[in-house]
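For reference, the chains in residue letters:
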Amino acid sequence: MAAASRSGVAEEITKLSVEQLQAVKEQVDAELSVLQDSVTNIRTAANRFEMAANALHNLSLQKPGQQMLVPLTASLYVPGVLDNVENVLVDVGTGYYIEKSVPDGKDYCDRKINFLKANHDKLVEVANDKRDTAEQVSLVLQAKIRSLTPS
């Protein structure tokens, strides 16, 4: 079915003028750029959740009273003492935090990772289709320009 719709798209774009093809190519390229940015953002978010799940695993292996460095920012750490290794605060977005047990926190991270990976796979598929469309438009545009140029 995808091949049938692609051939229909190919027939439609051959009917467009050079100016219209250039506009379509610019639009498709812009959409492709947005999709690629979204894929990158989803991949980054999934990596952060994987790092959080690993941190929760490492936290569960520690004992209360152990000294550690606590990150305040990406580059600023202060000394601290581990008080509770059974509960964590989970950032659920927009400034809201929920206290969860370590296994529940890890489960939350795993669910988010699975959700993001599923969306990542869908976006990659859409981006690949959009890339194919961009190539088709580009080929038709080049052919039309060659046919208009005197040899």
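Residues numbered from 1 in each chain as written. Predicted model: local features only at pLDDT ≥ 70, side-chain atom pairs only at ≥ 80, totals over all residues. Heavy atoms only, no water.

- An unreviewed UniProt entry lists the chain under the name Prefoldin subunit 5, with Riccia sorocarpa given as the organism.
- Of the chain, the UniProt comment under Sequence similarities (unreviewed entry) reads exactly: "Belongs to the prefoldin subunit alpha family." (UniProt positions renumbered as here; feature names shortened; annotations may be inferred.)

**Description of the overall build of the chain**
Here's step 1: In terms of helices and strands, the chain carries three helices and four strands.
Here's step 2: Along the chain, helices (α) and strands (β) appear in the sequence α-α-β-β-β-β-α when read from the amino end.
Here's step 3: Over its C-alpha trace the chain gives a radius of gyration of 25 Å, far above what one expects of a compact globule, namely 15 Å for 151 residues.
Here's step 4: Counting only residues that meet the buried cut, the chain has 20% of its 151 residues in that class. (Helix = DSSP H or I, 4+ residues; strand = E, 2+ residues; numbered from the N terminus. Rg over C-alpha atoms; globule rule 2.2 N^0.38 Å. Buried < 20%, exposed > 50% of the residue type's maximum accessible area, 1.4 Å probe, protein only.)

**Describing the pattern of salt bridges**
Here's step 1: The full count for this structure, using the stated rule, is six salt bridges.
Here's step 2: With its nearest N and O atoms 3.0 Å apart, the salt bridge here joins lysine 25 to aspartate 29. Taken together, the positions of lysine 25 and aspartate 29, both in helix 2 (residues 18-60) and four residues apart, correspond to about one turn of that helix.
Here's step 3: What makes lysine 25 partly exposed here is its relative accessible area of 23%.
Here's step 4: When its relative accessible area of 32% is taken as the criterion, aspartate 29 is described as partly exposed.
Here's step 5: The salt bridge involving aspartate 110 is made with lysine 106; its shortest N-O contact spans 3.6 Å. (Salt bridge = Lys/Arg side-chain N within 4 Å of Asp/Glu carboxyl O.)

**Topic: a nonpolar patch on the surface**
Here's step 1: A contiguous nonpolar patch, built from Met68, Val70, Leu72 and Leu76 and spanning about 330 Å² of accessible area, is present on the exposed surface.
Here's step 2: With respect to the secondary-structure elements, valine 70 resides in strand 1 (residues 67-71).
Here's step 3: Residue valine 70 is classed as partly exposed on the basis of its relative accessible area, which comes to 32%. (Patch = residues over 30% accessible without salt bridge, like charges linked within 9 Å, V, L, I, M, F, W, Y side chains within 5 Å. Areas by Shrake-Rupley, 256 points an atom, 1.4 Å probe, with all protein chains shown as cover.)

**Let's talk about the environment of leucine 82**
Here's step 1: By the element assignment, leucine 82 lies in the loop between strand 2 (77-81) and strand 3 (87-93).
Here's step 2: Considered as a pair, leucine 82 and isoleucine 145 are 63 residues apart in the sequence and their alpha carbons are 69 Å apart.
Here's step 3: Excluding anything up to four places from it in sequence, leucine 82 contacts Leu59, Gln62, Lys63, Pro64, Gly65, Gln66 and Met68. (Contact = heavy atoms within 4.5 Å.)

**Some remarks on the nonpolar core**
Here's step 1: Of all hydrophobic cores here, the largest spans 10 residues; its members are Ala53, Leu56, Leu59, Leu82, Val85, Val88, Val90, Val102, Tyr108 and Cys109.
Here's step 2: Elements with a contribution of two residues or more to this core: helix 2, strand 3 and helix 3 (102-148).
Here's step 3: The residues contacting tyrosine 108, other than those within four sequence positions of it, are Phe49, Val90, Asp91 and Val92.
Here's step 4: If you look at the next biggest cluster of nonpolar residues, it comprises eight residues, including Leu35, Ala46, Leu116 and Ala127. (Core = buried A, V, L, I, M, F, W, Y, C linked by side-chain atoms within 4.5 Å.)

**Observations concerning the pairing of strand 4 (residues 96-101)**
Here's step 1: Sparse coverage of strand 4 is indicated by the burial of zero of its six residues.
Here's step 2: Note that strand 3 and strand 4 share six bridges and pair antiparallel. What sits directly across from valine 90, in strand 4, is isoleucine 98.
Here's step 3: Hairpin connection between strand 3 and strand 4: a loop of two residues separates the two successive antiparallel strands, and threonine 94 in this loop has a positive phi of roughly 50°. (Pairing = 2+ DSSP bridges.)

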